[in-house]
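Structure assessment
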Amino acid sequence: MQTFRVPKLQNWNFSKNQDIKAIKFDGEFLLAQARQAQSRWAPLSAATRNRKGACLKSFFNWLFNEGYLESNLAQQIHLTKRKPKLARFLSVDEALNLVSWVENQAHQKQSETNSQIKTLILLLYGAGLRVSEAGQLRWKDIDLKGQVMTIRGKGNKERKVSAPKNVFAALSTLNQNTLYVFGKKPLDSRKAYSWVRNAGNNAGLLIPLNPHALRHSYATHLLTSGANLRTLQELLGHASLQATEKYLHLSIDDLARTMEKHHPLKKSY
C-alpha cells in the first residue's frame, strides 16, 4: 500500500470506491496539515473558520468510520466558540415613533401601498411575525373579529397568535378579495425589507432598520414588561426554549441599565 501524502484526487474513482482502498492514510501527516490550515484561516471570520473546520471534522469522521484511520482525528479539531449574534432592537420610544409615523402616512396619503406598509410594520412589531410569515399570511388564517391569526412557521408548524387591536384594525383596511393579505401572491421579501428600511429612515431612526429588528423588539419589549418565557416561546414559534432564552439576557441588561439610571441610591454618590 502507498502512504497518503499529497492528495491527487482528479484521477480517483470515488463512485466505485476502488482507488481509495489502495491508500494508507497517514494520521500524523493529516493532522499536521489540518493544523497548518487552521493557522492560515486565522484572519477569517469565526463563522468562516467554523465552516471550514466542520468540513475537516466531517472528513476525519468519515475516514475513521470507514476504517482508514485507527483514531478519530475529528476529536482534535476544535471550532471557535461564538456568542449568539442578536439583531439590533428598538427602544420602546423608537418603536412607538415608527408605528406613529407609518399610521400617519397611511392616513395622510391614502394608498394601498401605504396601508400595506403600515400593516407589515404592525405584523412584525405588534405580532412578532417573521417576515416570511407576514408575507405569506392568508385571509383564511385570520379571525378579525376574534383577533387571532393562525401562523405557519418553520417546518410548516402552526401556532395561534393574538395581537393588539390596531394590528387587526390595520388588516381590516386592506383588500380582502385576494388569497394573501398583501395580494394575489406572497409579499416578496426584498420588497418587505425595502419597505421596512425606508420606513425606519423616514421615521428618523439613526440605524438602518430591518424586519428581524422589529421581531426582536417585539420579543424584548414583551419580556422586559413581564411576559412569561414559555409564552413568548409559543408566540415566536420557537421549537426550543433555548432559542427564546437569548432575549432573557437582553432584558436583564436593559433592566440593569434602568436600575443604574433611576435607582435612588445613585443620587447618593
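Structure first, text after, so check above.
Conventions adopted
- Residues numbered from 1 in each chain as written.
- Predicted model: local features only at pLDDT ≥ 70, side-chain atom pairs only at ≥ 80, totals over all residues.
- Heavy atoms only, no water.
- Helix = DSSP H or I, 4+ residues; strand = E, 2+ residues; numbered from the N terminus.
- Contact = heavy atoms within 4.5 Å.
- Areas by Shrake-Rupley, 256 points an atom, 1.4 Å probe, with all protein chains shown as cover.
- Salt bridge = Lys/Arg side-chain N within 4 Å of Asp/Glu carboxyl O.
- Buried < 20%, exposed > 50% of the residue type's maximum accessible area, 1.4 Å probe, protein only.
- Axes fitted to C-alpha atoms, helices over the stretch in contact; angles between N-to-C directions.
- Parallel < 35°, antiparallel > 145°, perpendicular 65-115°, else oblique.
- Left-handed = near helix turned anticlockwise from the far one by under 90°.
- Phe/Tyr/Trp six-rings, centres within 6.5 Å; stacked < 30°, edge-to-face > 60°.
- Pairing = 2+ DSSP bridges.
- Expected span 1.5 Å × (residues − 1).
- Arc of directions from axis to C-beta.

Okay, the overall build of the chain next. Within the chain one finds ten helices and five strands. Considering only residue pairs separated by 6 or more positions, the chain has 55% of its internal contacts joining residues 24 or more positions apart. By element, 51% of the accessible surface of the chain is carried by carbon and sulfur atoms, the whole surface being about 16,900 Å².

With that settled, consider the pattern of salt bridges. Taken as a whole and judged by the stated rule, the model has six salt bridges. For Glu133, the salt bridge goes to Arg130, with nearest N and O atoms at 2.5 Å. Relative accessible area serves as the criterion here: at 4%, Glu133 is assigned to the buried category. Between Arg152 and Glu158 there is a salt bridge, and its shortest N-O distance comes to 2.9 Å. Owing to a relative accessible area of 33%, Arg152 belongs among the partly exposed residues under this scheme. What makes Glu158 partly exposed here is its relative accessible area of 46%. In the salt-bridge network here, residues are joined through shared partners; they are Arg138, Asp141, Arg152 and Glu158.

Time to look at the packing of helix 4 (residues 112–126) against helix 6 (residues 165–172). Between helix 4 and helix 6, the least distance of the axes is 9 Å, while the angle of their chain directions is 150°. As the angle between them shows, helix 4 and helix 6 are arranged roughly antiparallel. Where helix 4 crosses over helix 6, the handedness of that crossing is left-handed. Residue-level inspection shows Lys118, Thr119, Leu122, Leu123 and Gly126 of helix 4 in contact with helix 6, the latter providing Asn166, Val167, Ala170 and Leu171.

Below, the discussion takes up the packing of aromatic side chains. Under the counting rule described, the total for this entry stands at three aromatic pairs. A ring pair is formed by Phe59 and Phe60, whose centres lie 5.9 Å apart and whose planes are at 35°; its orientation type is tilted. Look at Phe59 and you get partly exposed, because its relative accessible area is 35%. Geometrically, the ring pair formed by Trp62 and Tyr68 is tilted, given 5.6 Å between the ring centres and 35° between the ring planes. Here Trp62 falls in the partly exposed class, since its relative accessible area comes to 33%.

Here we have three strands laid out as an open sheet, ordered 3-4-5, and antiparallel in their pairing. Looking at which strands have only one partner, the edges of the open sheet turn out to be strand 3 (142–143) and strand 5 (158–162). Taken together, the two bridges between strand 3 and strand 4 (residues 148–152) define a ladder with antiparallel strand orientation. Pairing of Ile142 across the sheet is with Met149, part of strand 4.

Glancing now at helix 3 (residues 92–108). Given a rise of 1.5 Å per residue, 17 residues ought to cover 24 Å, and the 24 Å separating the end C-alpha atoms of helix 3 matches this to within 8%. Listed in full, the buried residues belonging to helix 3 are Ala95, Leu98, Val99, Val102, Gln105 and Ala106. Down the axis of helix 3, the sector holding all buried residues measures 125°, keeping them to one side. Structural note: helix 3 exposes Asp93, His107 and Gln108 on the side pointing more than 90 degrees away from its buried face. The secondary structure elements touched by the buried residues of helix 3 are helix 4, helix 7 (189–202) and helix 8 (211–224).

Side chains of strand 5 alternate between two faces, with Arg159 and Val161 buried and Glu158, Lys160 and Ser162 left unburied. Pairing analysis gives five bridges linking strand 4 to strand 5, with the strands arranged antiparallel. In the strand pairing of strand 5, Met149 is matched with Val161. Linkage of strand 4 to strand 5, two consecutive antiparallel strands, is achieved through a turn of five residues, within which Gly155 is found at a positive phi near 70°.

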